[in-house]
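If you want the building blocks of each chain, they are given just below.
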Amino acid sequence: METDLQRPSILLVEDDPAVVNALKFSLELEGFDVSAYADGETLLASRPLPETGCLVLDYNLPGMDGLNLLERLRAENVTLPAILITTNPRNALRTRAALAGVQIIEKPLLTDALRDSVRRALAAKGH
């Protein structure tokens, strides 16, 4: 049986408790160790962050948005791959995400797209 140290880490930043509970449950069933944060400031205050894993960031967060959070993390040399989740992203957001090298997965998360994207991101980083 795997221990949490061997399970890939997912850092989930989402302010909707229902979405957090659903994603945490489904990602943990897939074998991930999920840590959830209600906003970017809480994640930024959490140290140390894992060196391996994947960020799953909601775009619409209280305080800073998900892409601004990612910019802050990158400025602190956090290189974890990131996936942005949001509803109905506009072209400007798609452009910002593309420039940041971040894939967008649209809510509602009714398919396996998020899980599959997380697995691809981890595989690409050799995690």
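Being a predicted model, the structure only gives us computed values, none of them experimental.

As for the overall build of the protein
The secondary structure content of the protein amounts to five helices and five strands. Order of helices (α) and strands (β) in the protein, N terminus to C terminus: β-α-β-α-β-α-β-α-β-α. The C-alpha atoms of the protein give 13 Å as radius of gyration, which agrees with the globular expectation for 127 residues (14 Å, within 12%). Overall, the C-alpha framework of the protein stretches about 45 × 35 × 30 Å when taken along its three principal axes. The buried share of the protein, reckoned over its 127 residues, is 43%. Contacts spanning at least 24 positions in sequence make up 62% of the contacts within the protein whose residues lie at least 6 apart. With an accessible surface of roughly 7000 Å², the protein has 52% of that area assigned to carbon and sulfur atoms.

Points about the side chain of Glu14
Along the chain, the position of Glu14 falls in the loop between β1 (9–13) and α1 (17–29). We classify Glu14 as buried; its relative accessible area is 2%. There is a polar contact of 2.9 Å between the side chain of Glu14 and the side chain of Lys107. Ignoring anything within four residues of it in the chain, the contact list for Glu14 reads Val19, Val20, Tyr37, Ala38, Asp58, Leu61, Ile85 and Lys107.

What to know about the environment of Ile105
Residue placement: Ile105 occurs in strand β5 (residues 103–106). Accessibility expressed as a relative area gives 7% for Ile105, which makes it buried. In the structure, Ile105 is positioned 47 residues away from Asp58 in sequence and 9.6 Å away in space, judged by C-alpha atoms. Filtering out sequence-adjacent residues up to four positions away, Ile105 remains in contact with Ile83, Leu84, Ile85, Thr86, Ala113, Leu114 and Ser117.

How each quantity is defined
Residues numbered from 1 in each chain as written. Predicted model: local features only at pLDDT ≥ 70, side-chain atom pairs only at ≥ 80, totals over all residues. Heavy atoms only, no water. Helix = DSSP H or I, 4+ residues; strand = E, 2+ residues; numbered from the N terminus. Rg over C-alpha atoms; globule rule 2.2 N^0.38 Å. Buried < 20%, exposed > 50% of the residue type's maximum accessible area, 1.4 Å probe, protein only. Contact = heavy atoms within 4.5 Å. Areas by Shrake-Rupley, 256 points an atom, 1.4 Å probe, with all protein chains shown as cover. Polar contact = N/O pair within 3.5 Å; in protein donor to acceptor, adjacent residues only side chain to side chain.

Honestly, it's all geometry; don't read function into it.
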